[in-house]
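Summary of structural features
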Amino acid sequence: MSASVSLIIPHKHSYEQLNILCEKIPLWNQYPDEILIIDSSKIQIILNKNFTKFCNENNIVLKIINANNLYPGQARNKGVLLAINPVIAFLDVNTIPTN
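In this report, the structure presented in the accompanying data block is examined. Sequence order sets the numbering: in each chain, residues are counted from 1 along the sequence as written. Where totals are concerned, whole chains, interfaces and linings use all residues; where local detail is concerned, this predicted model gives features only for residues with pLDDT of at least 70, and gives and counts side-chain atom pairs only at 80 or more. The side-chain numbers reported here are obtained from all heavy atoms of the structure, hydrogens and water having been left aside.

Time to look at the environment of Leu 62. Residue placement: Leu 62 occurs in strand S3 (residues 61-66). Owing to a relative accessible area of 25%, Leu 62 belongs among the partly exposed residues under this scheme. Between the C-alpha atoms of Leu 62 and Ile 46, which are 16 residues apart in sequence, the distance is 13 Å. Any pair of residues with heavy atoms lying within 4.5 Å of one another is described as a contacting pair. Those residues in contact with Leu 62 that lie beyond four places of it in its chain are Ile 35, Ile 37, Leu 47, Phe 51, Thr 52 and Cys 55. In this description a helix means any DSSP run of H or I spanning at least four residues, a strand means any run of E spanning at least two, and both kinds are numbered starting from the N terminus. Any residue under 20% of the maximum accessible area for its type is buried, any over 50% is exposed, and the rest in between are partly exposed; the area is computed with a 1.4 Å probe on protein chains only.

Bringing the sheet that holds strand S1 (residues 5-11) into the picture now. For two strands to be treated as a pair, DSSP must find at least two bridges joining them. Taken in spatial order, the four strands of this open sheet run S3-S2-S1-S4, and their pairing is parallel. Each having just a single partner strand, S3 and strand S4 (87-90) make up the two edges of the open sheet. Neighbouring strand axes in the sheet, compared pairwise and without regard to direction, differ in orientation by 20° on average. By the bridge criterion, six bridges tie S1 to strand S2 (residues 34-39) in an arrangement that is parallel. Of the residues in S2, the one forming a bridge with His 11 is Asp 39. Working convention: axes come from line fits to C-alpha atoms, limited for helices to the stretch in contact. Angles between N-to-C directions cover 0 to 180 degrees.

Right, let's get into unusual backbone geometry. Leave glycine aside and you will find that most residues have negative phi; peptide bonds, for their part, are mostly trans. Look at His 13: it is not a glycine, yet its phi comes out positive at around 60°. For His 13, the location among the structural elements is in the loop between S1 and helix H1 (15-24). Judged by relative accessible area, which is 42%, His 13 ranks as partly exposed.

Bringing the packing of aromatic side chains into the picture now. Centre-to-centre distance and the angle between the planes together describe a pair of aromatic rings. Stacked, tilted and edge-to-face are the three classes applied to pairs of Phe, Tyr and Trp rings, where Trp contributes its six-membered ring and a pair requires centres within 6.5 Å; stacked means planes under 30 degrees apart, edge-to-face means over 60, and tilted covers the rest. Inspection of the entire model under this criterion finds two aromatic pairs. A centroid spacing of 4.9 Å and a plane angle of 90° characterise the contact between Tyr 31 and Phe 54, whose relative ring orientation is edge-to-face. Taken together, the positions of Tyr 31 in the loop between H1 and S2 and Phe 54 in helix H2 (residues 49-57) put the pair 23 residues apart, joining distant regions of the chain.

As for its placement among the helices and strands, Lys 78 is situated in helix H3 (residues 72-82). Lys 78 sits 11 residues away from Ala 67 along the chain, and the two C-alpha atoms are 8.8 Å apart. Excluding its chain neighbours within four sequence positions, the residues that come into contact with Lys 78 are Ile 38, Ile 65, Ala 67 and Leu 70.

Looking now at a nonpolar patch on the surface. Taken together, the side chains of Val 80, Ile 88 and Phe 90 define a hydrophobic patch exposed on the protein surface, amounting to about 230 Å² of accessible area. Looking at Val 80, the relative accessible area reads 36%, which means it is partly exposed. A patch consists of residues whose relative accessible area exceeds 30% and which take part in no salt bridge; residues with like charges are grouped when within 9 Å of each other, and nonpolar side chains (Val, Leu, Ile, Met, Phe, Trp, Tyr) when within 5 Å. Using the Shrake-Rupley algorithm and a 1.4 Å probe, accessible areas are obtained, with residue cover drawn only from the displayed protein chains. The salt bridge criterion pairs a side-chain nitrogen of Lys or Arg with a carboxyl oxygen of Asp or Glu, the two atoms within 4 Å.

Right, here's the structure in full:
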């Protein structure tokens, strides 16, 4: 039995990269139990409906947290405070794992 994982993704004005990352997550061998996107953008992000459907179908808790102009480290720290699982993973929008 594996531990539950919260995936924290800091985001600021990288809409295309965020959507590419979200397209790749369903291809992974194992999914996180929770995904927190800490968004420091001035414009509210809108995720692809297929990704939100994927999260719902796989019981992945998806949270978009609006933050005020945070640096990536600050956004990760905010995600840690809000995460509900014992294992925490970090991923930047420009880093796309293959599986």
